[in-house]
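Each chain is listed here by its residues.
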Amino acid sequence: MFDLLSSAVASSVRGWRGAMAFGGTKTRQPEQMLVLYEFEACPYCRLVREVLSELDLDALVYPCPVGGMRFRPEALDISGVSQFPLLIDPNTGDKLLESADIIDHLYKNYGDARRRSPRGLRRQLALSGSMAATAVRSIGGVRGMNAMPSLAAEQPLELYSFEASPYSRPVRELLTELELPYLLRNFAKSRWQEVGPPIVRLRWFSDAPITSPNRLRLRELTGRSQVPYLIDPNTDVAMFESVDIMDYLKDTYAP
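What this report covers is the structure whose coordinates are included nearby. (Residues numbered from 1 in each chain as written. Predicted model: local features only at pLDDT ≥ 70, side-chain atom pairs only at ≥ 80, totals over all residues. Heavy atoms only, no water.)

## Digging into the overall build of the protein
So, point 1. A tally of regular secondary structure across the protein gives nine helices and eight strands.
So, point 2. When burial is assessed residue by residue, the protein has 53% of its 255 residues classed as buried.
So, point 3. Pairs at least 24 residues apart make up 71% of the contacts formed inside the protein by residues separated by at least 6 positions.
So, point 4. For the protein, the computed accessible surface area is about 11,800 Å², with 57% contributed by carbon and sulfur atoms. (Helix = DSSP H or I, 4+ residues; strand = E, 2+ residues; numbered from the N terminus. Buried < 20%, exposed > 50% of the residue type's maximum accessible area, 1.4 Å probe, protein only. Contact = heavy atoms within 4.5 Å. Areas by Shrake-Rupley, 256 points an atom, 1.4 Å probe, with all protein chains shown as cover.)

## A short note on the state of the cysteines
So, point 1. Summed over the entire model, instances satisfying the criterion amount to zero disulfides.
So, point 2. Left without a disulfide partner, Cys42 is nearest to the cysteine sulfur of Cys45, which lies 3.0 Å away.
So, point 3. By relative accessible area, Cys42 is classed as buried at 5%. (Disulfide = S-S within 2.5 Å.)

## A look at the environment of Phe240
So, point 1. As for its placement among the helices and strands, Phe240 is situated in strand β8 (residues 237-240).
So, point 2. Along the chain, Phe240 and Arg224 lie 16 residues apart, while their C-alpha atoms are 9.8 Å from each other.

## Section: the side chain of Glu177
So, point 1. Among the structural elements, Glu177 can be located in helix α6 (residues 168-177).
So, point 2. Ignoring sequence-local partners within four residues, the contact set of Glu177 consists of Val142, Arg143, Gly144, Met145, Asn146, Ala147 and Met148.

## Observations concerning a negative patch on the surface
So, point 1. A contiguous patch of negative charge on the surface is contributed by Glu241, Asp244, Asp247 and Asp251.
So, point 2. Among the structural elements, Asp244 can be located in helix α9 (residues 242-253).
So, point 3. Given a relative accessible area of 41%, Asp244 falls into the partly exposed group. (Patch = residues over 30% accessible without salt bridge, like charges linked within 9 Å, V, L, I, M, F, W, Y side chains within 5 Å. Salt bridge = Lys/Arg side-chain N within 4 Å of Asp/Glu carboxyl O. Lys, Arg positive; Asp, Glu negative; His and termini not counted. Charge placed at Lys NZ, Arg CZ, Asp CG, Glu CD.)

## Things to note about the pairing of strand β2 (residues 59-63)
So, point 1. For β2, the tally of buried residues reaches five of five residues, placing the bulk of the element in the interior.
So, point 2. The two faces of β2 match: Ala59, Val61 and Pro63 on one face and Leu60 and Tyr62 on the other face are all buried.
So, point 3. Pairing of strand β1 (residues 34-38) with β2 involves five bridges; the strand directions are parallel. Bridging from a neighbouring strand, Tyr37 pairs with Tyr62 of β2.
So, point 4. Handedness of the crossover is the feature at issue here: the chain leaves β1, passes through helix α2 (residues 43-54), returns alongside β2, and the resulting connection is right-handed.
So, point 5. Pairing analysis gives three bridges linking β2 to strand β6 (residues 182-186), with the strands arranged antiparallel. The residue bridging Leu60 from the neighbouring strand is Leu183, located in β6. (Pairing = 2+ DSSP bridges. Right-handed = clockwise from strand over helix to strand, strands pointing away.)

## Some words on the packing of aromatic side chains
So, point 1. Using the criterion set out here, one finds six aromatic pairs in the structure.
So, point 2. Geometrically, the ring pair formed by Phe39 and Phe84 is edge-to-face, given 6.2 Å between the ring centres and 75° between the ring planes. Of this pair, Phe39 sits in the loop between β1 and α2 while Phe84 sits in the loop between α3 (72-79) and β3 (86-89), and the two are 45 residues apart along the sequence.
So, point 3. Judged by its relative accessible area of 10%, Phe84 is buried.
So, point 4. Grouping aromatic residues by their ring pairs yields a cluster made of Tyr160, Phe187, Tyr229 and Phe240.
So, point 5. Its guanidinium or amino end placed over the ring of Phe240, Arg224 lies 3.9 Å from that ring's centre, counting from NZ or CZ. (Phe/Tyr/Trp six-rings, centres within 6.5 Å; stacked < 30°, edge-to-face > 60°. Lys NZ or Arg CZ within 6 Å of the ring centre and 35° of its normal.)

## A look at helix α5 (residues 120-137)
Given 3.6 residues per helical turn, the α-helix brings residues three or four places apart onto the same face.
So, point 1. Taking 1.5 Å of rise per residue, the 18 residues of α5 would be expected to cover 26 Å, and the 26 Å separating its terminal C-alpha atoms lies within 8% of that figure.
So, point 2. Along α5, the positions that sit buried rather than exposed are Arg123, Ala126, Leu127, Gly129, Ser130, Ala133, Thr134, Val136 and Arg137.
So, point 3. Packing partners of the buried residues in α5 comprise α1 (2-13), α2, α4 (99-110) and α6. (Expected span 1.5 Å × (residues − 1).)

What follows is the structure, encoded as structure tokens:
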């Protein structure tokens, strides 16, 4: 219960950024998958993940926790510095390090080109809020920061999630600590009728049209609109519920 509460507080500290998809018809989906080297507890990485959620953009995530040896050396070879986040866009050939530059790139190429990452005082406030969210999640132990012993996955896992989801965050943190690559299927809410727990949506807005591509995809796969949802192609396992997903990841990939 405390874990979920602190996750909800972390989202509140950030004003629930990354909960709603604001891209709408202005979002242009890339032909090739974006690649993101990052780690969950990084305040700069959070700012990028929020924009990915708000633009409804998916990304192949390579977790690079502190002490990690699976993808951190690879990121260092690519960029020449140990700095995160690192975005690789095969559609444009760009390799970007600074979170503000990455956000500008995402808006310019896939969203509203008139928008930019906050600068000056607004950026400092956003970064301070992101740092505060990390601090909240560090109460009782840092999460999503340090690598732990794990078995490698031959194929990336697939996770339906959105940045502000209190239930999805613990799963992303564990994926980071286990250094498990995953395809992040962003699932931000695209309509006000989608706000709130599933039982409310089913009771009052069951016939509201679904406009998000990933929400449509998950509804077709499972008949439900709920996150987190994990698909592991290495074991042919697919499941809802964050506690069950975390137990599965530990049993399967933590020795």
